[in-house]
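# An overview of the molecular structure
Spelled out from the first residue to the last, the chains are:
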Amino acid sequence: MAFFLAEMTWPEVQDALKTVKIAIIPLGAHEQHGPHMAEACDAVLAEEMGRRLTERLHPDAILTPTIAMGVSPHHLRFPGTISLEPTTVIAILRDMIKSLKLHGIRKFLVLNAHGGNQSTLGVAADTLPRELDIEFYYAKTTASAKDVMDREIRSKPYGHSCEREVSEALYLAPHLVRTDRLAEADFVEGGRWRKLRPGNPVQGFYTYDEMTRNGCIGNATRASRELGEELVETALARLTQAVRELL
């Protein structure tokens, strides 16, 4: 029953627009995820989360096609990564929103699965509502389940192709995971990256190869489908409530 725009005909969309109040735009990335996750990971997880959120919000929400690449310059030294400029991401969002606004949609939620997109989405949230006269919101897919992460995850730091992300994939899209290659982060010690991590007095850009030799942050060997289910379902319940309050 849910409205997935890419799978609908125009008459079906026309009927759906009688109730739709918000468009959900999944945003991912195409970048390295260590030796044990496919590079499409973020895009696939964003879309899978988006489908489930759209189902829960039916008939008020419609899911747009996924933006499958994002802002990933910090991963470019690992083979296969494709990075968009922040201005490119905002331009794509602008064009999608302008198009959907013509069909009567005025509220938009970007459901983001890649941390490197967050600062770009902050700029988009500052500019696009004033420019296009719409409501623009963004959310990280499972960030609202931070209490579950704090309780269950022991690795410090974690956050990329780690027990959290691999667990989410084992629940949402297990084909992304090479379970026979799960690895712990191989950190580069003595580098400047530790002084620039979130929570430090000074922030700055560093590449992932300065931080980790195998592209991971955290310990994927501790991942489980059960943890993924708890993270995803907790976040979905909270996102659903938050979006309904905005509607």
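Look above for the structure.
Each chain carries its own residue numbering, running from 1 in the direction its sequence is written. A pLDDT threshold of at least 70 governs which residues receive local features in this predicted model, and a stricter bar of 80 or more applies before side-chain atom pairs are shown or counted, although totals over entire chains, interfaces and linings include all residues. Hydrogens and waters are ignored; side-chain quantities use all the structure's heavy atoms.

### Here's the deal with the packing of aromatic side chains
Definition in use: Note on aromatic pairs: the rings of Phe, Tyr and Trp (six-membered ring only in Trp) are paired at centre separations within 6.5 Å, and the planes decide the class, stacked below 30 degrees, edge-to-face beyond 60, tilted for the rest. Buried means the residue's accessible area, taken with a 1.4 Å probe over protein chains only, is under 20% of the maximum for its type, while exposed means over 50%, and partly exposed covers the values in between. Whether a charge sits over a ring depends on NZ of Lys or CZ of Arg being within 6 Å of the ring centre and within 35 degrees of the ring normal.
Across all of its chains, the model carries 1 aromatic pair by this definition. Where F187 meets W193, the ring centres are 5.4 Å apart and the plane angle is 20 degrees; that geometry is what we call stacked. For the pair F187 and W193, one class covers both residues: buried. It is R51 that lies over the ring of F4; its NZ or CZ is 4.1 Å from the centre. Note that R194 overlies the ring of F187, its terminal NZ or CZ placed 5.7 Å from the centroid.

### A look at the environment of D133
Put simply, the rule is: Helix and strand definitions follow DSSP, with helices as H or I runs of at least four residues and strands as E runs of at least two, each counted in order from the N terminus. Throughout, a contact is declared for two residues whenever any of their heavy atoms are within 4.5 Å.
Tracing the sequence through the fold places D133 in the loop between α4 (118-132) and β5 (135-140). It is 27 Å that separates the C-alpha atoms of D133 and P11, two residues lying 122 residues apart in sequence. Residues in contact with D133, not counting those within four places in the same chain, are K101, R106 and L128.

### So, the side chain of T120
Mapped onto the secondary structure, T120 falls in helix α4. Judged by relative accessible area, T120 falls into the buried class, the value being 4%. Every residue in contact with T120, bar those within four places of it in the chain, is listed here: V71, P86, V89 and I90.

### Observations regarding the nonpolar core
For clarity, the cut-off: We define a nonpolar core as any set of buried Ala, Val, Leu, Ile, Met, Phe, Trp, Tyr and Cys residues linked to one another through side-chain atoms lying within 4.5 Å.
The biggest cluster of nonpolar side chains holds 38 residues, and the ones touching the most others in it are I24, M49, L53 and L176. Those elements that provide at least two residues to this core are β2 (22-27), α2 (41-57), β3 (61-63), β4 (107-112), α5 (146-152), α6 (163-172) and α9 (225-246). Sort the elements by how many residues they give to this core and α9 lands first, with 7 residues. Contacts of M49, omitting those with residues within four sequence positions, involve L111, T141, T142, L172, V232, A235, L236 and L239. Counting 27 residues, the second largest nonpolar core, distinct from the first, contains M8, A16, I62 and L84.

### Structural notes on the pattern of salt bridges
What counts is decided by this rule: The salt bridge definition used is simple: a Lys or Arg side-chain nitrogen within 4 Å of an Asp or Glu carboxyl oxygen.
Under the counting rule described, the total for this entry stands at 19 salt bridges. Between K21 and D60 there is a salt bridge, with the nearest N and O atoms lying 2.9 Å from each other. Here D60 lies in the loop between α2 and β3 and K21 lies in the loop between α1 (10-16) and β2, a separation of 39 residues in the sequence. With relative accessibility at 38%, the residue K21 sits in the partly exposed group. Taking relative accessible area as the criterion, D60 reaches 13% and is therefore assigned buried. The partner of E189 in a salt bridge is R194, and the shortest N-O contact between them spans 3.4 Å. With a relative accessible area of 53%, E189 lands in the exposed category. Among the residues examined, R194 registers a relative accessible area of 39% and is labelled partly exposed. Look at the salt bridges and you will find they share partners, linking K21, D60 and R244 into a network.

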